Amino acid sequence: MKKTVLGRLVGNTGDANNLTMVLASSFAARRGEFVRIAHQEREEEPSADVLGRIVSLTRINSLYNAGLGSAAASLDLMPGAQVTGETIAAKIELIGYRDPITDEVRIPRRPLDPGSRVLPVDYQFLSSFYRFDEQTSIHIGNLVGYERGEDTVPVFLEVNKLVTEHVAILAMTGSGKSYTVGRIIERLVALHNGTVVVFDPHGEYGRALQGGKLQFNPNLGEVGDHRDQLAIPVIQDTLQRLQAAGAGIAVYTPQNPSFRLKYAGKNNELALQFDHFEMDDIAEILPGLTEPQQRVLDVAMRYWRTDKAEPRDINRLRNLLGEGIDELKQWDQLSKAESDALNNRSAAITSMKLSRVLNEAQSFYSAALATPTNIYDLIGRPADRRGRLAIIDLQGLSDTAKQIITALISSEILGAASSKTDPSRPTFVVFEEGHNFAPAGESAVSLRIIKKIAAEGRKFGVGFAIVSQRPSKLDPDVTSQCNTLITMRLKNPDDQRFIAKTSDMISSADLDELPSLSTGEALIVGRSITAPLLVKIGPKALLHGGESPEVLKVWGRFSA
């Protein structure tokens, strides 16, 4: 390991988040670089190197000070003269050291020694510090500053903690958040044989199966490190074999001809069974029902379910609330109070609201469809050892329709996972444009079930990723349950304050870093990673549809 001294610690060394180093020269170090400092935590323990990161730099020259004003512009030095009176200092934030007894990463509780030498780090040190089990982790990308060449430092996320303990992926538009999600999910499915369900509001992820065929990224070339060069062909081959085995990527869409055209008829049309949902779910998708209307709907649902032949046609329920109301009134299992409550006006209004929801979502089962959607086809059972990615393409639907479909499918996923008699495979659910599905301070049909998954999903093997370009618009109860945070470029002060308020995993220095991140760079903190890291996200195997169009190519040139 290189022994070049970058500088020495000065001043108060008691604050692990605010250490000061005086640099040996202006070229000794740059912002964002890692450093190591020898430290002995207890007298009886050996010395260990503490890893730190340079979070800011200051360079002050007494000759060119602000007090000179405009005179500084005309100040010139004789050729060969030495610049004196210059101070170059860096602020260091400690990441921690590996405890020699427990091998855990810890922040020093004893102040470091003033005057300690600050040394550079190399590949061997960082690789030893950020140890991982490649069999139980996914390679998300490489450490910023160490992302190419022989000293590339790969960064891995522990799959179990990432999937079951929830993750928030937050960034402004164009920073690469959806691309990051794409890299995660294709590796979960292809390399770890996982089950992933993506609610895709804009049809971005569906592009991977556009035309009914797997669409692989054609622009890989030599991008990525040697790990990616080895892994991407494996991912592509595995997805092809899964596809041939009846698993892999499946796209589910509303019952609209435009989706059949987009996927060359290889899409699966949603046919959700209304009678499979609890009254709490139905109350969410039919808000504003008065008490008489709720009673009418409850009686109609119970009567409809007396028909033991499944699947039940949703149009039968609509009929009971309309022309079939007299049949409903004659049901011998009604109490007198229930019978008296069945008035035609309440039934008609309930039928109208139900019809509006059904027509808007275009995703419910009727006798005109061959088979209803089976949640186990989407996510599988434990005995089914085939990885799968179910993309729910919601492009073109209203926000309310998107929320309804997301809420009902999410409810079925959690219900299947928590079943004592027929449990499903562990499932990772991705909520793209999460601020629309779990908004702060607003009502949304899908908010209740997302909160429930956030609170209870882990014990049943259901985890989620909430993805958003406006973190401050997200429900804080949802984001506070996310034990991994992947944050890319964010400039909005409200969004930065929200992250600081809802997560104790990110420091003020980390927040200061967010506005200057380049596209594809992310700050990752939380339980799935050893310590906070700046990461350059690696390439994807599948084609992704989130890129902006090249408008000049589309516009072309005018010709008379």
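Caption draft 1: The arrangement of the pattern of salt bridges in detail. Applying the stated criterion across every chain yields a total of 34 salt bridges. The closest approach of N and O atoms between Arg 527 and Glu 165, which form a salt bridge, is 2.9 Å. Placement of the pair is Arg 527 in the loop between β18 (521-526) and β19 (533-537) and Glu 165 in the loop between α3 (159-164) and β10 (167-170), with a sequence separation of 362 residues. Residues participating in the shared-partner salt-bridge network are Arg 31, Arg 53 and Glu 513.

Caption draft 2: Region of interest: the packing of helix α4 (residues 177-190) against helix α5 (residues 226-244). Where α4 meets α5, the axes come as close as 9 Å, and the angle between the chain directions of the two elements is 65 degrees. Like other packed secondary-structure pairs, α4 and α5 cross with a definite hand, here left-handed. Residues Arg 183, Glu 186, Arg 187, Val 189 and Ala 190 of α4 lie in contact with α5, whose contacting residues are Asp 228, Ala 231, Ile 232, Ile 235, Thr 238, Leu 239 and Leu 242. Counted by class, the contact of α4 with α5 contains seven nonpolar, one polar and four charged residues.

Caption draft 3: Representation of empty space enclosed by the protein in the model. Applying the stated rule across the entire model yields two cavities of 30 Å³ or more. Of the volumes computed, that of the largest cavity is approximately 80 Å³. Around the largest cavity, the lining residues are Gly 182, Ile 185, Glu 186, Tyr 205, Ala 208, Leu 389, Ile 391, Lys 540, Leu 542, Leu 543 and His 544. Going through the elements one at a time, α4 and β14 (388-393) are the ones with two or more residues in the lining of the largest cavity. Ranked by the residues each element gives to the lining of the largest cavity, the list is headed by α4, at three residues. Here the second largest cavity is characterised by a volume of approximately 40 Å³. Asp 281, Glu 284, Ala 407, Leu 408, Val 445, Arg 448 and Ile 449 are the residues that line the second largest cavity. Of all the elements in the fold, those that place two or more residues in the lining of the second largest cavity are α7 (279-285), α14 (399-417) and α16 (447-460). Partitioned by chemical class, the residues of the lining of the second largest cavity number four nonpolar, no polar and three charged.

Caption draft 4: Main features of unusual backbone geometry. Cis geometry is adopted by the peptide bond preceding Pro 311, which originates at Glu 310 and carries an omega value of 0 degrees. Looking at the element boundaries, Pro 311 is found in the loop between α8 (291-305) and α9 (314-320). Its identity is not glycine, yet His 166 carries a phi of approximately 70 degrees, on the positive side. Among the structural elements, His 166 can be located in the loop between α3 and β10. Positive phi values are uncommon outside glycine, yet Gln 362 reaches one of about 55 degrees. Structurally, the position occupied by Gln 362 is in the loop between α12 (344-361) and α13 (375-379).

Caption draft 5: Geometry of the packing of aromatic side chains. Tallied over the full model, the rule gives eight aromatic pairs. Geometrically, the ring pair formed by Phe 34 and Tyr 146 is tilted, given 6.3 Å between the ring centres and 55 degrees between the ring planes. Of this pair, Phe 34 sits in strand β3 (residues 34-39) while Tyr 146 sits in the loop between β8 (137-143) and β9 (154-158), and the two are 112 residues apart along the sequence. For Phe 34, a relative accessible area of 3% gives the class buried. Measuring from ring centre to ring centre gives 3.9 Å for Phe 132 and Phe 156, while their planes differ by 10 degrees; the resulting arrangement is stacked. One end of the pair, Phe 132, is in the loop between α2 (123-129) and β8; the other, Phe 156, is in strand β9, and 24 residues separate them in sequence.

Caption draft 6: Focus on the sheet that holds strand β12 (residues 248-253). One open sheet accounts for 12 strands, arranged β9-β8-β19-β18-β17-β10-β16-β15-β11-β14-β12-β13; its pairing is mixed. The outermost strands of the open sheet, each flanked by one partner alone, are β9 and β13 (268-269). Bridge analysis of β8 against β19 gives three bridges, and the strand direction is antiparallel. Within β19, the position partnered with Asn 142 by the bridge is Lys 536. Running at roughly 145 degrees to β8, α4 makes contact with β8, β10, β11 (195-200), β14, β15 (427-431), β16 (462-468), β17 (484-487) and β19 of the sheet. Each of β15 and β16 touches α16; the most contacted strand, β16, lies at about 140 degrees to it.

Caption draft 7: α12, seen in detail. The first and last C-alpha atoms of α12 sit 26 Å apart over 18 residues, in line with the 26 Å expected at 1.5 Å per residue. Turning to α12, its buried residues number three or more, namely Ser 346, Ala 347, Thr 350, Ser 351, Lys 353, Leu 354, Ser 355, Val 357, Leu 358 and Ala 361. The inward-facing, buried residues of α12 abut α7, α8, α9, α10 (325-329) and α14. Sitting at the head of α12, Asn 343 places a side-chain oxygen 3.1 Å from the backbone nitrogen of Arg 345.

Caption draft 8: Fine view of the pairing of strand β2 (residues 19-23). Among the five residues of β2, four are classified as buried, and the element is accordingly described as predominantly covered. With four bridges connecting them, strand β1 (residues 7-10) and β2 associate as antiparallel partners. Counted as the bridge partner of Arg 8 is Val 22 from β2. Sheet topology places β2 next to strand β5 (residues 86-98); four bridges connect them, and they run antiparallel. Bridged to Leu 19 within β5 is Ile 92.

Caption draft 9: Representation of the layout of surface pockets in the model. Estimated volume of the second largest pocket: approximately 810 Å³. Lining the second largest pocket we find 35 residues, and of these Gly 526, Ile 529, Thr 530, Ala 531 and Pro 532 sit closest to its centre. For the lining of the second largest pocket, a count of residues per class yields 18 nonpolar, seven polar and 10 charged.

Definitions and cut-offs
Residues numbered from 1 in each chain as written. Predicted model: local features only at pLDDT ≥ 70, side-chain atom pairs only at ≥ 80, totals over all residues. Heavy atoms only, no water. Salt bridge = Lys/Arg side-chain N within 4 Å of Asp/Glu carboxyl O. Helix = DSSP H or I, 4+ residues; strand = E, 2+ residues; numbered from the N terminus. Axes fitted to C-alpha atoms, helices over the stretch in contact; angles between N-to-C directions. Left-handed = near helix turned anticlockwise from the far one by under 90°. Contact = heavy atoms within 4.5 Å. Nonpolar A, V, L, I, M, F, W, Y, C, P; charged D, E, K, R; others polar. 1 Å grid on protein atoms, 1.4 Å probe; cavity = no way out; pocket = protein on both sides within 12 Å on 5 of 7 lines; lining within 4 Å. Points joined across faces, edges and corners; volume = space filled by probe spheres on them. Phe/Tyr/Trp six-rings, centres within 6.5 Å; stacked < 30°, edge-to-face > 60°. Buried < 20%, exposed > 50% of the residue type's maximum accessible area, 1.4 Å probe, protein only. Pairing = 2+ DSSP bridges. Expected span 1.5 Å × (residues − 1). Polar contact = N/O pair within 3.5 Å; in protein donor to acceptor, adjacent residues only side chain to side chain.

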